[in-house]
Amino acid sequence: MVSSVGLYEEAVLDFRNRKDQHFAAGKGPVDPKSFHGLRYFAPDESWAFTVLLDRLPQDEGGEFTLETNTGQTRVMVRYGQVTLPLPGGERTLWVFTPPGDEQPARVFIPFRDATSGAAEGGTYGAGRYLDAALDRQLGGEGALVRVDFNLAYHPYCAYGDGWTCPLPPRENWLPDAVTAGERLP
């Protein structure tokens, strides 16, 4: 019999394996000839949360300009926020969607944390991303969102020049070290 923790870890490892295969096939930002797999923190279910999405009213949300690593800007819609019970206390992050997506299945969460830019065991200095699935079964404006930091990933600009990547807004800078997800080689 396999425990639910075992099943969870298996699912995270499968997600990571599929990403490595994608990059190894030359479909990512790295040279497949020299690619030997990405590095990750060990899967840890305590970094996965299912929380209520506090959806912004239509008149409060709207377009939001994210800066990028190249100085260009990227327009997203500030869709709402989530409050997470992190080890250092509750923290709130803004969540975004592409413009024109009125009924998104997922939200985009760019964030920085205390591992960003750390020399040893750290993550990309500009931050990481999460794509979090929404569960619309609550009805009305309410939704649950699955925020799983084990699935956090580096933007393509972490691997080389030529990519334009949105930077997390200041509101999404966490003082805590999020020791989950992708990390630097």
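Just so we're clear, the structure is a prediction, and the values are computed from it rather than from any experiment.

**Here we look at the pattern of salt bridges**
Pairing is possible between side chains of opposite charge, provided their charged atoms come close. With the rule as written, the count across this model stands at four salt bridges. When the shortest N-O distance is used, the salt bridge between E182 and K19 registers 2.8 Å. Of this pair, E182 sits in strand β9 (residues 182-183) while K19 sits in helix α1 (residues 4-24), and the two are 163 residues apart along the sequence. Classification of K19 as buried rests on a relative accessible area of 15%. We note a salt bridge from R128 to D113, for which the minimum N-O separation is 3.1 Å. Here R128 is found in strand β7 (residues 128-135), whereas its partner D113 is found in the loop between β6 (106-111) and β7, with 15 residues between them in sequence.

**Remarks on the environment of T83**
Note on placement: T83 falls in strand β4 (residues 73-86). Each C-alpha atom, one on T83 and one on F49, is 9.8 Å from the other, the two residues being 34 residues apart in sequence. Not counting the four nearest positions on each side in its chain, T83 is found in contact with V51, E90, R91 and T92. A distance of 3.0 Å separates a polar atom in the side chain of T83 from a polar atom in the side chain of T92.

Reading the values: the criteria
- Residues numbered from 1 in each chain as written.
- Predicted model: local features only at pLDDT ≥ 70, side-chain atom pairs only at ≥ 80, totals over all residues.
- Heavy atoms only, no water.
- Salt bridge = Lys/Arg side-chain N within 4 Å of Asp/Glu carboxyl O.
- Helix = DSSP H or I, 4+ residues; strand = E, 2+ residues; numbered from the N terminus.
- Buried < 20%, exposed > 50% of the residue type's maximum accessible area, 1.4 Å probe, protein only.
- Contact = heavy atoms within 4.5 Å.
- Polar contact = N/O pair within 3.5 Å; in protein donor to acceptor, adjacent residues only side chain to side chain.

These values are about where atoms sit, not about what they do.
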